[in-house]
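Fold and contact review
If you want the building blocks of each chain, they are given just below.
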6 protein chains.
Amino acid sequence: MDPTLVPGNSLVTATPEEGRQLAIKMARLIIKATQPDETVREKLRDVYANGASMLLQVGHIVALEFATIAAANRYWRT
Amino acid sequence: MDPTLVPGNSLVTATPEEGRQLAIKMARLIIKATQPDETVREKLRDVYANGASMLLQVGHIVALEFATIAAANRYWRT
Amino acid sequence: MDPTLVPGNSLVTATPEEGRQLAIKMARLIIKATQPDETVREKLRDVYANGASMLLQVGHIVALEFATIAAANRYWRT
Amino acid sequence: MDPTLVPGNSLVTATPEEGRQLAIKMARLIIKATQPDETVREKLRDVYANGASMLLQVGHIVALEFATIAAANRYWRT
Amino acid sequence: MDPTLVPGNSLVTATPEEGRQLAIKMARLIIKATQPDETVREKLRDVYANGASMLLQVGHIVALEFATIAAANRYWRT
Amino acid sequence: MDPTLVPGNSLVTATPEEGRQLAIKMARLIIKATQPDETVREKLRDVYANGASMLLQVGHIVALEFATIAAANRYWRT
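Chain A has the name Hexameric tyrosine-coordinated heme protein in an unreviewed UniProt entry, where Paraburkholderia sabiae is given as its organism.

As structure tokens, this is what we get:
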């Protein structure tokens, strides 16, 4: 079965930029699991993108997901 | 007695995907413990799935539960 | 004097399930310390259990308390 | 000068119970620093103690302060 | 391809001040990724800057992003 | 250039009390960076200091900033 909540089924990424992209995806996939109806989600996406407080809530969640991914990657320290 | 708050009574999972599933379940089981009435919860599930801010709140909690599960699994580093 | 904020005055529990129960209790005991009047709390409990956003706020706090308890127990790794 | 934000100017406590009490005090002292007028705070205390969402917000902050205090005390592991 | 979510594609900064600037930028770039329309964002920026609760939400997110960046830099301890 | 986001450009403080003061200042400086107009900020300060939920939001952010500062100082353990 393909993973549906964690793309690639791994928290490891090559760079912080990719870690950030993964954080965005993981946040979205939880929304998708909670509301599987694409039509409803499409409508809500509009709400997220246009409400000031909504956008901040999205930013908040991505920050949290990224904190976990960054720790998993030992902060990409070289 | 079967555990009712942590399925399997363990935070250890084989993969990040399963860790994410556990995070969703653990979040739901707290809601269930706080509101044991299935009929009420059923109604609220609709509210969660259709409100933009609600969905984000769900995503927020899952992110937090997952942070703990990921640390418990040392981020599934191989 | 009996502890009134941390049952057993310890964060150590035998299992994740018990850790989760402790998280719920610790969250409740802060509410109790802030609003000692049992009659008021009884009324508010109804509000928590029936409001969708309220239930999520409860879930949020339990997730935070549990993160601390899980770290205290080194995630019950065996 | 006496410390006004951290009683005893230390995060170390003998027990989790005392750590929890410190968390409550530290949360209150920030409110006091932001709103020094005792009369206004007295009125707001009523709001906190009687609003369901307010009480949860208080519980949320105490959980966060406690996480820091618990880490400072290495979780009072014996 | 230039990174669009993490300037410089690194969490490492020379000082806390620069870490803080990075936190602000990373928070903004998530908003930008969620709402790519510059005209809409421009309008929302007004909302953020003039609403008391909005400003606090911004501060909240920056605090979270900064926590990750600070850990990545081992807190710039010398 | 003088640092405008982290006073002293360091997270290290002598005591928890000073760490707490730094947390308050860092939280304020983000607000200032987001809303540079002193007149607007002055008005909002009134809102923060008199709204129950606002005050709790301030307390919340300070708790988060302090968690980072406390870790940076290894919790001032002696």
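Some points on unusual backbone geometry
The backbone phi angle of tryptophan 76 of chain B is positive, close to 55°, even though this residue is not glycine. Within the secondary structure, tryptophan 76 of chain B sits in the segment after α3 (52-72). In this structure, tyrosine 75 of chain D takes a positive phi of about 60° despite not being glycine. Considering the arrangement of structural elements, one finds tyrosine 75 of chain D in the segment after α3 (52-72). Its relative accessible area of 17% is what places tyrosine 75 of chain D among the buried residues.

Some points on the pattern of salt bridges
If you walk through the whole model with that rule in mind, you get 24 salt bridges over all chains. Across the pair arginine 45 of chain D and glutamate 38 of chain D runs a salt bridge whose closest N-O atoms are separated by 3.1 Å. Taking relative accessible area as the criterion, glutamate 38 of chain D reaches 39% and is therefore assigned partly exposed. A network of salt bridges, in which partner residues are shared, links Glu38, Arg41, Glu42 and Arg45 of chain A.

Digging into the packing of aromatic side chains
Applying the stated criterion across every chain yields a total of 6 aromatic pairs over all chains. For the ring pair phenylalanine 66 of chain E and tryptophan 76 of chain E, a centre distance of 5.7 Å and an interplane angle of 15° mean the geometry is stacked. Of the two residues, phenylalanine 66 of chain E is situated in helix α3 (residues 52-72) and tryptophan 76 of chain E in the segment after α3; the sequence distance between them amounts to 10 residues. Neither residue differs from the other here; phenylalanine 66 of chain E and tryptophan 76 of chain E are each classed as buried. The positively charged end of arginine 20 of chain A is found above the aromatic ring belonging to phenylalanine 66 of chain A, 4.8 Å away from the centroid.

Structural notes on helix α2 (residues 38-50) of chain B
Along its 13 residues, α2 of chain B runs 19 Å from first to last C-alpha, staying within 8% of the 18 Å computed at 1.5 Å per residue. For α2 of chain B, the complete set of buried residues consists of Val40, Arg41, Leu44, Tyr48 and Ala49 of chain B. One side of α2 of chain B carries all its buried residues, which in axial view fall inside an arc of 160°. Along α2 of chain B, exposed side chains directed more than 90 degrees from the buried face belong to Thr39, Lys43 and Asp46 of chain B. Of the surrounding secondary structure, the elements contacted by the buried residues of α2 of chain B are α1 (16-34) and α2 (38-50) of chain A, α1 (16-34) and α3 of chain B together with α2 (38-50) and α3 (52-72) of chain C. At the N-terminal boundary of α2 of chain B, the capping side chain belongs to aspartate 37 of chain B, with an oxygen 2.9 Å from the backbone nitrogen of threonine 39 of chain B.

Points about the interface of chain A and chain E
In this assembly, 26 residues from chain A lie in contact with 29 residues from chain E. Counting the surface lost from both chain A and chain E, the interface buries some 2400 Å², and carbon and sulfur atoms represent 68% of this. It is Glu17, Arg20 and Leu56 of chain A in chain A that bury the most area against chain E; as a group they hold 27% of the surface buried on that side. Inspection of the chain A/chain E interface yields 1 salt bridge. Arginine 20 of chain A is the salt-bridge partner of glutamate 65 of chain E, the closest N and O atoms lying 2.5 Å from each other. Our count for the chain A to chain E interface comes out at 12 residue pairs in polar contact (both at pLDDT 80 or more). Those elements giving two or more residues to the side of chain A that touches chain E turn out to be α1, α2 and α3 (52-72) of chain A. In terms of residue count, α3 of chain A provides more of the side of chain A that touches chain E than any other element does, 14 residues in total.

Reading the values: rules and limits
Residues numbered from 1 in each chain as written. Chains lettered and ligands numbered in written order. Predicted model: local features only at pLDDT ≥ 70, side-chain atom pairs only at ≥ 80, totals over all residues. Heavy atoms only, no water. Helix = DSSP H or I, 4+ residues; strand = E, 2+ residues; numbered from the N terminus. Buried < 20%, exposed > 50% of the residue type's maximum accessible area, 1.4 Å probe, protein only. Salt bridge = Lys/Arg side-chain N within 4 Å of Asp/Glu carboxyl O. Phe/Tyr/Trp six-rings, centres within 6.5 Å; stacked < 30°, edge-to-face > 60°. Lys NZ or Arg CZ within 6 Å of the ring centre and 35° of its normal. Expected span 1.5 Å × (residues − 1). Arc of directions from axis to C-beta. Contact = heavy atoms within 4.5 Å. Polar contact = N/O pair within 3.5 Å; in protein donor to acceptor, adjacent residues only side chain to side chain. Buried area = accessible area lost by both parts, 1.4 Å probe.

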